[in-house]
Amino acid sequence: MGNLSPFDNWRIEMQILYEFILKYLGFRAINRGKEISGVRAIIAGFNLAILATVPVHILLQALFSVVVTIFGIDDQYFETNWLLLAGALLISQSYFLVGGLVKIRIVYCSVPLFFGKRPEEDKDDKEGKIPVLNEGYSWTLPWPFMSSEEVDLKPNTFELEKPMEVLSGGTSAVNMGDTTTQVTDEASKSERVAFLIQAGILYRVNKKKLNRHLEAKANFAELLLVVIRSVIREESAKMNDENLLSLGYQAIADVLTKKLTEPEKDADGKPVVTGKDHDGKDVLAVAIADRLGIQVIKGLVTKIVPADPNMIRNYERIKKEQLDRRAETVEADNFIALVNKVRNGLGRNEVSAAEAADYIQAERGKARRVIIKGGVPGDFATAEALRQSSEQPKS
């Protein structure tokens, strides 16, 4: 086992023995993915206890013989054979089976520990899987040989301790109006706006890479903080303040997810080579999530606000103006469509656009349509006089 200490060699041998028992006494209770079936593991424990009955029975017989010899007991009047066998069976089942039963809570898994240390990876397995106990009842070798440690598989969140202050890119929409032009010279820096951004990830532990997660626990938070802060800084610099407020939530979340779940690539889009293995083959970069032993469900951006609270009113004003313009545009398009529909229905040669517009506005209640009998067409003064006289009450 290389330069390992005798204790570590013994621990590894114990792991090999445990997996052998699961495989051959538990009817393949451990699969290729190193996941352990609880029911089959219990069957393996029961079968081991049955096999252990024989040496335990021999040991009890030897102890009984010593007691008989020391105390001079005449055992010819005692039927000890079946009693010792029953005792051996009870002891072996109590210790090897019942003593090794474990219960793993729902939405948890458990890592079997050998003399208090986690299992060794299979060196022939590139993913480095280790034995894992699934939720429910299962079995391990009894104390002091083995124990187990639960790992939470429920989705968890990881966020910055406090919002990060960054500068937007481009020209400030508050000062320069509605623009998406990106300015990168020194003069534009005065137009960049300071924002407070809170971001993080929603993730769960990857059961297939559990050992990676356990190894990365010491630097887990530090590495995630570096990635989250770099993504926030880089993406904020690509958008002006208005786009950051409107598009930043989704953009930063998407890039953060991609940064964690995809391996680092070179200019040609191929994974970066990080070194050589013992066979001289290239070792390709792996995704940060795989290195941490987690599955990233999605990136989270929960807050993007100007660092100066007084600027919020300016952005609210710009947003209201944009919504008003959009509403007016939609209303104008709908009105034109209605005018064309009326003219097509009544005949375009019979109804002018102005007459169709007056008809629509009258139907909407935004204009009043009055029919006047008499007068000369086009004489609006006479028409108005006739309208007023028609509205006067009759005496």
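Residues numbered from 1 in each chain as written. Predicted model: local features only at pLDDT ≥ 70, side-chain atom pairs only at ≥ 80, totals over all residues. Heavy atoms only, no water.

K.L.:
Which residues make up the pairing of strand β8 (residues 164–167), and what values do they have?
P.N.:
Burial along β8 is one-sided: Met 164 and Val 166 are buried, while Glu 165 and Leu 167, pointing the other way, are not. Where β8 and strand β9 (residues 194–205) come together, four bridges link them in antiparallel fashion. Residue pairing for β9: Glu 165 is matched across the bridge by Leu 196. (Buried < 20%, exposed > 50% of the residue type's maximum accessible area, 1.4 Å probe, protein only. Helix = DSSP H or I, 4+ residues; strand = E, 2+ residues; numbered from the N terminus. Pairing = 2+ DSSP bridges.)

K.L.:
If you had to explain empty space enclosed by the protein to someone new, which residues and values would you point to?
P.N.:
For the structure shown, the criterion picks out one cavity of 30 Å³ or more. Taken as a whole, the largest cavity spans an internal volume of roughly 40 Å³. Taken together, Gly 33, Lys 34, Glu 35, Lys 129, Ile 130, Val 132, Lys 207, Lys 208, Lys 209 and Leu 210 make up the full set of residues lining the largest cavity. A per-class count over the lining of the largest cavity returns three nonpolar, one polar and six charged. (1 Å grid on protein atoms, 1.4 Å probe; cavity = no way out; pocket = protein on both sides within 12 Å on 5 of 7 lines; lining within 4 Å. Points joined across faces, edges and corners; volume = space filled by probe spheres on them. Nonpolar A, V, L, I, M, F, W, Y, C, P; charged D, E, K, R; others polar.)

K.L.:
Which residues make up the nonpolar core, and what values do they have?
P.N.:
Ranked by size, the top nonpolar core spans 32 residues in total, and within it Phe 158, Ile 197, Ile 201, Ile 232, Ile 252, Leu 260 and Ile 294 carry the most contacts. When contributions to this core are tallied by element, the ones reaching two or more residues are β8, β9, α6 (220–237), α7 (241–261), α8 (288–292) and β12 (294–306). In this structure, Tyr 18, Ile 30, Tyr 108 and Met 146 belong to the second largest nonpolar core, which totals 22 residues. (Core = buried A, V, L, I, M, F, W, Y, C linked by side-chain atoms within 4.5 Å.)

K.L.:
Explain the packing of α6 against α7 to me, using residue names and the numbers behind them.
P.N.:
Across the interface, α6 lies against α7 with an axial gap of 9 Å and an inter-helix angle of 140°. In terms of their interaxial angle, α6 and α7 are classed as oblique. Helix-helix and strand crossings are classified by hand; for α6 and α7 the assignment is right-handed. Here α6 contributes Leu 224, Val 227, Ile 228, Val 231, Ile 232, Glu 235 and Ser 236 to the contact with α7, which in turn contributes Leu 244, Ile 252, Val 255, Leu 256, Lys 259 and Leu 260. Classifying every residue of the contact of α6 with α7 by side-chain character gives 10 nonpolar, one polar and two charged. (Axes fitted to C-alpha atoms, helices over the stretch in contact; angles between N-to-C directions. Parallel < 35°, antiparallel > 145°, perpendicular 65-115°, else oblique. Left-handed = near helix turned anticlockwise from the far one by under 90°. Contact = heavy atoms within 4.5 Å.)

K.L.:
Mind laying out α6, listing which residues take part and the relevant values?
P.N.:
With 18 residues, α6 should cover 26 Å at 1.5 Å per step; its first-to-last C-alpha distance of 27 Å lies within 8% of that length. Of all the positions in α6, only Phe 220, Leu 224, Leu 225, Val 227, Ile 228, Ser 230, Val 231, Ile 232, Glu 235 and Ser 236 are classed as buried. (Expected span 1.5 Å × (residues − 1).)

K.L.:
Kindly report on a nonpolar patch on the surface, identifying the contributing residues and their values.
P.N.:
A surface patch of nonpolar side chains, amounting to about 400 Å² of accessible area, comprises Val 66, Val 67, Ile 70 and Phe 71. As for its position among the elements, Phe 71 is in helix α2 (residues 38–71). For Phe 71, a relative accessible area of 61% gives the class exposed. (Patch = residues over 30% accessible without salt bridge, like charges linked within 9 Å, V, L, I, M, F, W, Y side chains within 5 Å. Areas by Shrake-Rupley, 256 points an atom, 1.4 Å probe, with all protein chains shown as cover. Salt bridge = Lys/Arg side-chain N within 4 Å of Asp/Glu carboxyl O.)

K.L.:
I'd like to hear about the environment of Glu 165, residue by residue, with values.
P.N.:
On the secondary structure map, Glu 165 appears in strand β8. The class of Glu 165 is exposed, set by a relative accessible area of 55%. Considered as a pair, Glu 165 and Pro 306 are 141 residues apart in the sequence and their alpha carbons are 9.1 Å apart.

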